[in-house]
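A closer look at the structure
The chain contents come next:
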Amino acid sequence: MSRKIGIIGMGNVGAAVAHGAIAQGLADSYVFIDINEKKAEADAQDFKDAMANLPSYASIVVNDYAALEDADVIISSLGNIQLQHNAGEDRFADFPFTREAVYQVSQELKKLNFKGILLVISNPVDAVSALYQEFTGWPRERVIGTGTLLDTARMKAAVGDDLSVNPKSVSGYNLGEHGNSQFTAWSQVKVKGQDITELTSEEERQNLFMASMKGGHKVFYGKGYTSYGIASAALRLVSIILSDAQEEVAVSSYQEAYQTYLGYPVILGRHGVAAPVRLSLSAEEKNLLQESANLIRNRVQEAVAFFKEKYGHTSEWIFLQFSLWLGFQIWYNGNNYKIFRSNL
């Protein structure tokens, strides 16, 4: 069966995702979308030049939204990395730019009869995932973000380094926002099956958390962007989706209990979020998750209000109004039919 992946935003992260996917042979065809058409064309040509030395072949189309319609996965990696250079090291710093780009891209996406999965990398990823779902009207289970998957990997790396173990022997999660309000759920973390609380002190765990949350800063300030870590996280999710692995993994998905998108484990498969996962968190962890959810939800609500004022109503509002109108028409026509029948 032919597989297709679309990538919107061919910057450092988008290009790293494309390289990893093509090198691994994840798909048979790709669609590259970028406002810098010369960059997208150059990347496409560069990959075409590489095909003869790769174990698999793939076709590449550039800047054709219509070609995304039958894609299995569309990946959003658009953004402006320069806006991440801010004193507060806040991933919401580029939200005014990203939310506008997401709105414009969504106008193209919602024209498609797309049945695949939209995977969001663009920061702030939780809020951006929520906006994509809002603007496209696509089912929530089919719009997800990388969430805290990278933060979780950074936590495992920090714990692995500290305890001299392979990070793959560390289990557990960072939860909440892919940003400053995230936290490590230490109640869930085990090292070779042993609770980490039995191996470390509270102070040591706090240092490990800071290392996981700030892990990307060393990379960012060293080379001006991050790419391989987040690309690997995205490619893992793509692989899970394409193979319908039904795997437990931390992503940004809509959590009904918190009424927003946030980083939390789900069962992921071919059709997106297949089932929820319920963690037994401590009271403190539940409070931290609620606080993180509140921050994300408030930012999303502010953005939706902004776009309602700027462009008119969102897809959800339009659907509600249409539903009310349709209900009225059914009621009105039904009553008229009854009156018509009574006059016969």
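Residues numbered from 1 in each chain as written. Predicted model: local features only at pLDDT ≥ 70, side-chain atom pairs only at ≥ 80, totals over all residues. Heavy atoms only, no water.

Brief notes about the overall build of the protein chain
Regarding its fold elements, the protein chain presents 10 helices and 14 strands. Scored against the burial criterion, the 344 residues of the protein chain give a buried share of 49%. Considering only contacts in the protein chain between residues 6 or more positions apart, those separated by 24 or more positions represent 70%. (Helix = DSSP H or I, 4+ residues; strand = E, 2+ residues; numbered from the N terminus. Buried < 20%, exposed > 50% of the residue type's maximum accessible area, 1.4 Å probe, protein only. Contact = heavy atoms within 4.5 Å.)

Observations regarding helix H7 (residues 215–223)
Within H7, the full set of buried residues consists of Gly 216, His 217 and Phe 220. Take H7 and look down its axis: the buried residues cluster within an arc of 100°, on one side only. The exposed residues of H7 that point more than 90 degrees off its buried face are Lys 218 and Gly 222. For H7, the elements touching its buried residues are helix H5 (149–163). (Arc of directions from axis to C-beta.)

Here we look at a negative patch on the surface
There is a patch of like negative charges on the surface, built from Asp 161, Asp 162, Glu 203 and Glu 204. Note on placement: Asp 161 falls in helix H5. (Patch = residues over 30% accessible without salt bridge, like charges linked within 9 Å, V, L, I, M, F, W, Y side chains within 5 Å. Areas by Shrake-Rupley, 256 points an atom, 1.4 Å probe, with all protein chains shown as cover. Salt bridge = Lys/Arg side-chain N within 4 Å of Asp/Glu carboxyl O. Lys, Arg positive; Asp, Glu negative; His and termini not counted. Charge placed at Lys NZ, Arg CZ, Asp CG, Glu CD.)

Considerations on the nonpolar core
One finds Leu 109, Tyr 132 and Leu 175 to be the most contacted residues of the largest nonpolar core, which totals 49 residues. For this core, the elements supplying multiple residues, two or more each, are strand E2 (29–33), helix H3 (95–109), strand E5 (117–120), helix H4 (125–136), strand E12 (247–255), strand E13 (260–269) and helix H9 (283–311). The contact partners of Leu 109, leaving out residues within four places of it in the chain, are Ile 8, Tyr 65, Leu 68, Ile 74, Tyr 132, Thr 136 and Trp 138. Core analysis: the next-biggest nonpolar cluster, separate from the first, contains 43 residues, Ala 15, Leu 119, Leu 149 and Leu 268 among them. (Core = buried A, V, L, I, M, F, W, Y, C linked by side-chain atoms within 4.5 Å.)

Regarding unusual backbone geometry
Working note: non-glycine residues mostly have negative phi, and peptide bonds are mostly trans. Following Asn 123, the chain continues to Pro 124 via a peptide bond in cis, the omega torsion being -5°. As for its position among the elements, Pro 124 is in the loop between E5 and H4. Phi at Lys 192 is positive, roughly 50°, even though this residue is not glycine. Looking at the secondary structure, you find Lys 192 in the loop between strand E10 (190–191) and strand E11 (194–195). For Lys 192, a relative accessible area of 65% translates into the label exposed. Here Asp 244, not a glycine, exhibits a phi torsion of approximately 50°, which is positive. Its location among the elements puts Asp 244 in the loop between helix H8 (228–242) and E12. Overall, the relative accessible area of 36% leaves Asp 244 in the partly exposed class.

Some thoughts on the packing of aromatic side chains
Counted by the stated rule, this structure contains nine aromatic pairs. Centroid distance Phe 32 to Phe 47: 6.0 Å. Interplanar angle 65°. Geometry classified as edge-to-face. Residue Phe 32 is found in strand E2, and its partner Phe 47 is found in helix H2 (residues 37–50); the two are separated by 15 residues along the sequence. Neither Phe 32 nor Phe 47 differs from the other in exposure class; each is buried. For the pair Tyr 103 and Phe 307, a centre-to-centre distance of 5.0 Å together with 10° between the ring planes defines the contact as stacked. A residue pair is termed long-range when its members are at least 10 positions apart, and Tyr 103 in helix H3 and Phe 307 in helix H9 qualify at 204 residues. Both residues of the pair, Tyr 103 and Phe 307, count as buried. (Phe/Tyr/Trp six-rings, centres within 6.5 Å; stacked < 30°, edge-to-face > 60°.)

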